[in-house]
Amino acid sequence: MNVNEVSVNGSANGVSCESGTKSAGKRSNGLCNPVKDNSSYGSYEMVEEIATYLLERTRIRPRCGIICGSGLGCLADQLTDVDSFDYDAIPHFPVSTVAGHRGRLVFGRLGGVPVVCMQGRFHYYEGYSLAKCSMPVRVMRLVGCTHLIATNAAGAINSRFRVGDIMLIRDHVNLMGFAGNCPLLGPNDDRFGPRFLGMAKAYEPALLAVAKGAARQMPGMDDLLHEGVYCCVGGPNFETVAEGRLMALLGVDAIGMSTVHEIITARHCGMTCFAFSLITNMCTMSYDEEEEHCHETFVDVGRQLEGRICELVARVVASIGESCSETPLAK
Ligand SMILES: O=P(O)(O)O[C@@H]1C[C@H](O)[C@@H](CO)O1
Ligand SMILES: Nc1nc2[nH]cnc2c(=O)[nH]1
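Just so it is clear, the structure is predicted and the values come from calculations on it, not from any experiment.

## Here we look at the UniProt feature "domain: Nucleoside phosphorylase" (unreviewed entry) in the protein chain
- The positions that UniProt labels "domain: Nucleoside phosphorylase" (unreviewed entry) are, in the present scheme, residues 65-318.
- Split by type, residues 65-318 is 31% helix and 25% strand. Its first and last C-alpha atoms lie 13 Å apart.

## Observations concerning the packing of helix α5 (residues 130-142) against helix α10 (residues 260-268)
- Between α5 and α10, the least distance of the axes is 9 Å, while the angle of their chain directions is 50 degrees. One way to sum up the angle between α5 and α10 is to call them oblique. Along this stretch, α5 crosses α10, giving a crossing that reads as right-handed. Note on element contacts: α10 touches α5 through H261, E262, T265 and A266, opposite L130, C133, S134, V137 and R138.

## So, the confidence of the model for the protein chain
- Model confidence for the protein chain is summarised by a mean pLDDT of 87, while 86% of its residues fall at 70 or above.
- For the stretch residues 326-331, pLDDT sits under 50, and the model shows ten contacts to residues farther than four places along the chain or on other chains.
- Both confidence scores are given for the complex: pTM 0.88, ipTM 0.98.

## Details of the environment of V252
- By the secondary structure assignment, V252 is in the loop between α9 (241-250) and β10 (254-256).
- By C-beta crowding, V252 is classed as buried, having 22 other C-beta atoms within 10 Å.
- For the pair formed by V252 and Y230, sequence separation is 22 residues and the distance between their alpha carbons is 5.9 Å.
- If we ignore the near neighbours within four places in the chain, the residues touching V252 are I157, V173, V229, C231 and M247.

## Description of the nonpolar core
- By size, the foremost hydrophobic cluster in this structure holds 90 residues, and its most contacted members are C117 and V316.
- Tallying contributions element by element places α5 first for this core, with eight residues.
- Setting aside anything within four residues of it in sequence, one finds C117 in contact with I66, C68, L75, A76, L79 and V106.

Conventions we followed
Residues numbered from 1 in each chain as written. Chains lettered and ligands numbered in written order. Predicted model: local features only at pLDDT ≥ 70, side-chain atom pairs only at ≥ 80, totals over all residues. UniProt positions renumbered as here; feature names shortened; annotations may be inferred. Helix = DSSP H or I, 4+ residues; strand = E, 2+ residues; numbered from the N terminus. Axes fitted to C-alpha atoms, helices over the stretch in contact; angles between N-to-C directions. Parallel < 35°, antiparallel > 145°, perpendicular 65-115°, else oblique. Left-handed = near helix turned anticlockwise from the far one by under 90°. Contact = placed C-beta atoms within 7 Å. pLDDT = per-residue confidence, 0-100. Buried ≥ 20, exposed ≤ 12 C-beta atoms within 10 Å, placed from the backbone. Core = buried A, V, L, I, M, F, W, Y, C linked by C-beta atoms within 7 Å.

Below, the structure is given as structure tokens:
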């Protein structure tokens, strides 16, 4: 099969620069070449090659992939029987460039359930296309994951939220998609999933119920927990007051710079998804307010809440473990 015909990568409106990919021991020069990237990056064969590389080096056969958001790398630190791979050692993998994103893939067990964690994700503002940001989700699928848990740091639009709260994501607004940017742009490869994708049940209601049930059993957690709508923007700048107000009108509760394209990619390849936002700041909704946005402070909010967040994720993973059969799915 001609890889050019089945490539699933699309760069954003033909204007996204790809940066920092390691391939065959050589880093790209980071120059824009969307046409080339569109035809060769992220093919099924490439993702399969990465999956094979990893499976040959670990005995863990993960059922659930976990993406650690800014300041939430602690999720990977609680795994046992660990095999970890720095991103720059994995063929074709992008590299993390953001503080609080360590840049490694960690295979291991969480409460006995085999999982794989991205300890650091890729963002559009780093210069990667949405397809490239989300490519590791397809790797997770091809190493056997049936479920994805995505976490992120986000700003609250909803005035009832407070810094340190957790918002379970019930739904999202794909604002970048409205502008014609989507991780599924370009030719579709049916081996990953269908050309046209329904998104009405993107976030699995049963896992939302598990998380809410778990929170009720964790002292003080119920008060911190909300359910709501997440929106991803390209970043890296935060929102103007007018943009924050627009988000409120759109029904958005929290805003960030990730997750949506990962969930689209995961749903495309048939994964069951659960996601939550750690509220790290209140969005500035009035010109009278001081803007107090600082990435380093956001990372600290994650550190302060790591015990609770780890427990919540462990409980959701335990329920996923119970629902999965023991048949390995890895190709
Ligand atoms: O990876 P996530 O979505 O948690 O990162 C958020 C969005 C920006 O990358 C960063 C802003 O501080 O945190
Ligand atoms: N876009 C956006 N991303 C964030 N990530 C953490 N806080 C914020 C925020 O206020 N806005």
